[in-house]
Amino acid sequence: QSIISLDAITTEQLHQAEPASELAPDKLFDQRWAMTLLEVAVAELEAEMVATGKGGQFAELKTFLTNEPYDGEYAIIGQRIGSPGQSVAVTVHRMRQRYRELVRAAVAHTVSSPTEVEEEMRHLFAALNS
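Residues numbered from 1 in each chain as written. Predicted model: local features only at pLDDT ≥ 70, side-chain atom pairs only at ≥ 80, totals over all residues. Heavy atoms only, no water.

**Examining the pattern of salt bridges**
Here's step 1: One pass over the full model with this rule turns up five salt bridges.
Here's step 2: Across the salt bridge formed by Glu68 and Arg96, the nearest N and O atoms sit 3.4 Å from each other. With a gap of 28 residues between them, Glu68 in the loop between helix H3 (55–61) and helix H4 (73–81) and Arg96 in helix H5 (residues 85–108) connect regions that are remote in the sequence.
Here's step 3: Overall, the relative accessible area of 63% leaves Glu68 in the exposed class.
Here's step 4: We classify Arg96 as buried; its relative accessible area is 17%.
Here's step 5: We note a salt bridge from Arg104 to Glu118, for which the minimum N-O separation is 2.7 Å. With Arg104 in helix H5 and Glu118 in helix H6 (residues 117–129), this pair connects stretches of sequence that are 14 residues apart.
Here's step 6: You can call Glu118 partly exposed: its relative accessible area is 41%.
Here's step 7: Several salt bridges converge on common partners, so that one network encompasses Glu48, Arg98 and Glu101. (Salt bridge = Lys/Arg side-chain N within 4 Å of Asp/Glu carboxyl O. Helix = DSSP H or I, 4+ residues; strand = E, 2+ residues; numbered from the N terminus. Buried < 20%, exposed > 50% of the residue type's maximum accessible area, 1.4 Å probe, protein only.)

**Brief notes about the packing of aromatic side chains**
A ring pair, where both rings are aromatic, is described by two values, the distance of the centres and the angle of the planes.
Here's step 1: In total, this model carries one aromatic pair according to the counting rule given.
Here's step 2: Between Phe64 and Tyr74, the ring centres sit 5.2 Å apart and the planes meet at 85 degrees, which makes this aromatic pair edge-to-face. Pair noted here: Phe64 is in the loop between H3 and H4 and Tyr74 is in helix H4, with a separation of 10 residues, a long-range link. Like Phe64, the residue Tyr74 is buried in the burial classification. (Phe/Tyr/Trp six-rings, centres within 6.5 Å; stacked < 30°, edge-to-face > 60°.)

**Structural notes on the nonpolar core**
Nonpolar side chains in soluble globular proteins tend to be buried together.
Here's step 1: Of all hydrophobic cores here, the largest spans 26 residues; its most connected members are Leu45, Leu61, Met95, Tyr99 and Val103.
Here's step 2: Mapped onto this core, the elements with two or more residues apiece are helix H2 (25–51), H3, H4, H5 and H6.
Here's step 3: The dominant element in this core, judged by the number of residues it contributes, is H5, at eight residues.
Here's step 4: Excluding its chain neighbours within four sequence positions, the residues that come into contact with Leu61 are Ile77, Val88, Thr91, Val92 and Met95. (Core = buried A, V, L, I, M, F, W, Y, C linked by side-chain atoms within 4.5 Å. Contact = heavy atoms within 4.5 Å.)

**Some thoughts on the confidence of the model for the protein**
Here's step 1: Of the residues in the protein, 84% reach a pLDDT of 70 or more, and the chain-wide mean stands at 86.
Here's step 2: No element of the protein has a lower mean pLDDT than helix H1 (residues 11–17), which averages 55, and none a higher one than H5, which averages 95. (pLDDT = per-residue confidence, 0-100.)

**Examining H2**
Here's step 1: Taking 1.5 Å of rise per residue, the 27 residues of H2 would be expected to cover 39 Å, and the 39 Å separating its terminal C-alpha atoms lies within 8% of that figure.
Here's step 2: Residues of H2 that are buried: Asp30, Trp33, Ala34, Leu37, Leu38, Ala41, Leu45 and Met49.
Here's step 3: Against H3, H5 and H6 lie the buried residues of H2.
Here's step 4: Positive phi appears at Gly53, one or two residues downstream of H2, with a value of about 80 degrees. (Expected span 1.5 Å × (residues − 1).)

Okay, here's the thing in structure tokens:
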């Protein structure tokens, strides 16, 4: 393996090294749009938790917004943050609820009327599953 300095690489060379996507441009756009909305929601949730002094909890538990724990994982994390496993499960449940609310709010900002939110949510999930 050879080491290449990033300073020596031009922008054109960098773009040539990017993998080509198998998705059609419209599907790729939709996927990136969906990922951006999710990232915005996670950032807002993190900001809320940091503001309430729970930034450490967020850092430990954010992976569970989209992933299920393995057996005993909440208990292990609970020991690290000084909370019983059952409390960790409740905190994750509340974080997931708030995350859903923030995703829905982000989607609502992309449509012209509240009646379009459900359709746009379906579009978001379809984009993520493609």
